[in-house]
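# Analysis of the macromolecular model
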Amino acid sequence: MGYRCRKCSGDSVINMRQHRLALCEDHFIEWVQKHAAEFIRKHRMLEPEDRVLVAVSGGKDSLSLWSILLDLGYQADGIYIDLGIDRDRDESGYSKRSLQYAVEFAQSVSPRAKLHVLDIKAVYGRSVTEIARGGMGAKRKYCSACGLVKRHELNRMTRELGYAVLATGHNLDDEAAVLMGNSLNWEVEYMARQALVLPASSTGLVKKVKPLARFYEREMAAYAIVRGIPYIMEECPFSEGATSLGYKEVLNSMERKSSGTKLKFYFEFLKAKKKGLLPNYVPPELRLCEKCGEPTGSTGLCAFCRLIERPARPVGVDTLE
Amino acid sequence: MIKVSFKGAEHTLEGNTTVRKIIAALGLNPESVLAMRDGKLIVNETFIGKEAEIRLISVVSGG
């Protein structure tokens, strides 16, 4: 059996072993768009008239997602959160380089779509790196602070800018890695919470969707390449040694030996949830943060406000883990 | 000889092989990379002759 495109017998650019499917450039693009459209419809992620905000990082997944949504006819704009991540503390740091890819894509789709940019340092006086130095535990404090800031600001901006839905570029590998971490630690509540669609709440949480969660990470990188979407290939300097990357490595080792392992792991989990094999996730009662007005499970200040109110330690007192 | 670039490093390997074998020779997992030749994606089963320049791209990201 050769590796010609199954549809046209042309040169294949990808062989998806888990689907026993090799496709050429044109038929791969068609396949991704068709399956993304079906996935969005099946899980009621978006309505045709929805204004969608795409969380854009400058990476392959989020830029591919933005491109796919526009190709499918959705009104989709992007938002880039400039976290100010920079190992060497210069102006051309990682966040600024990532932003350039987001801007380049936005220019290619202008005026059909626009990019919002939120500069954390300009708004809060400190970059995420500087905010992280103010508090939280030692080892993964940068990633924890980054996640918290992004969740808070993306929710706030989606609502304040009047979008119906926030779409994120989580792929199947991202979701399978989270599931693996939660399974290994028997975090049943987190597993119950892991979902393709998080509904909006009356307290101000916006609807969040993951339209790429049926695609392997490898497929999304291939999609960005064949669609000619330049993206940042370098990794965030803080991601080195991250637990989720270790889980991805393990999952890919299993996938290599038995194709379809990741797909089955994740989709059987979704099926099990639907069948009621996990406890129903009951969201905590939310209040509004006294300072920022965002929904929070805490009384008084939300976790984000507590984090940014902590005084920064002088620069240089600690180093990157 | 085949020149293979990956994450900024260049490697030289013997030709007349497949992309899958090149990936294995560098100790990488074929599920974690994509291969390109002349700016185009090629599948892991592609035969590579005596002379070629191959670029491998890591597809894994996140933290």
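Above: the structure in question.
The paragraphs below set out a description of the structure included in this document. (Residues numbered from 1 in each chain as written. Chains lettered and ligands numbered in written order. Predicted model: local features only at pLDDT ≥ 70, side-chain atom pairs only at ≥ 80, totals over all residues. Heavy atoms only, no water.)

## So, the sheet that holds strand β5 (residues 40-42) of chain B
- In space, the five strands of this open sheet follow the order β2-β1-β7-β4-β5 (chain B), with mixed pairing throughout. Each edge of the open sheet is held by one strand with a lone partner, namely β2 (9-13) and β5 of chain B. Sheet twist, expressed as the mean angle between neighbouring strand axes with direction ignored, is 35°.
- In the sheet, strand β1 (residues 2-6) of chain B pairs with β2(B) via five bridges, with the strands oriented antiparallel. Along β2(B), the bridge assignment pairs B:Ile2 with B:Leu13.
- Of the strands in this sheet, β4 (33-37), β5 and β7 (52-58) of chain B are in contact with helix α9 (residues 217-226) of chain A, which crosses β4(B) at around 25°. (Pairing = 2+ DSSP bridges. Helix = DSSP H or I, 4+ residues; strand = E, 2+ residues; numbered from the N terminus. Axes fitted to C-alpha atoms, helices over the stretch in contact; angles between N-to-C directions. Contact = heavy atoms within 4.5 Å.)

## What about the pattern of salt bridges?
- The tally for this structure, following the rule as stated, stands at 21 salt bridges over all chains.
- A:Arg17 serves as the salt-bridge partner of B:Glu31, at 3.0 Å between the closest nitrogen and oxygen. Pair noted here: B:Glu31 is in the loop between α1 (19-25) and β4 and A:Arg17 is in the loop between β1 (14-16) and β2 (21-23), and the two residues belong to different chains.
- For B:Glu31, a relative accessible area of 11% corresponds to the buried category.
- A:Lys210 is the partner of A:Glu175 in a salt bridge, and the nearest nitrogen-oxygen pair spans 3.3 Å. (Salt bridge = Lys/Arg side-chain N within 4 Å of Asp/Glu carboxyl O. Buried < 20%, exposed > 50% of the residue type's maximum accessible area, 1.4 Å probe, protein only.)

## Structural notes on the sheet that holds strand β8 (residues 207-209) of chain A
All names here are of chain A.
- What the six strands build is an open sheet, ordered β5-β4-β3-β6-β8-β7; its pairing is mixed. Since the sheet does not close on itself, it has two edges, and those belong to β5 (115-119) and β7 (197-198), each with one partner.
- Running at roughly 160° to strand β3 (residues 51-55), helix α2 (residues 60-71) makes contact with β3, β4 (75-82), β5 and β6 (165-167) of the sheet.
- Along the sheet, helix α6 (residues 141-160) makes contact with β3, β4, β5, β6 and β8, crossing β4 at roughly 140°.

## Things to note about the state of the cysteines
Residue and element names in this part refer to chain A.
- Taken as a whole and judged by the stated rule, the model has zero disulfides over all chains.
- Cys 24 takes part in no disulfide bond, and the closest cysteine sulfur to it belongs to Cys 8, at a distance of 3.7 Å.
- According to the relative accessible area criterion, Cys 24 is buried, its value standing at 9%.
- The closest cysteine sulfur to the non-disulfide-bonded Cys 289 is located on Cys 292, 3.7 Å from its own sulfur.
- Under the relative-accessibility criterion, Cys 289 is labelled buried at 4%. (Disulfide = S-S within 2.5 Å.)

## Focus: the packing of α2(A) against helix α3 (residues 94-109) of chain A
Residues and elements named next belong to chain A.
- Where α2 meets α3, the closest approach of the two axes is 11 Å, and the angle between their N-to-C directions is 15°. What the angle tells us is that α2 and α3 run roughly parallel. The two elements α2 and α3 cross, and the hand of that crossing is right-handed. Contacts between α2 and α3 involve Leu 63, Trp 66, Ser 67 and Leu 70 on the former and, on the latter, Tyr 101, Ala 102, Phe 105, Ala 106 and Val 109.
- For the contact of α2 with α3, the class distribution of residues is eight nonpolar, one polar and no charged. (Parallel < 35°, antiparallel > 145°, perpendicular 65-115°, else oblique. Left-handed = near helix turned anticlockwise from the far one by under 90°. Nonpolar A, V, L, I, M, F, W, Y, C, P; charged D, E, K, R; others polar.)

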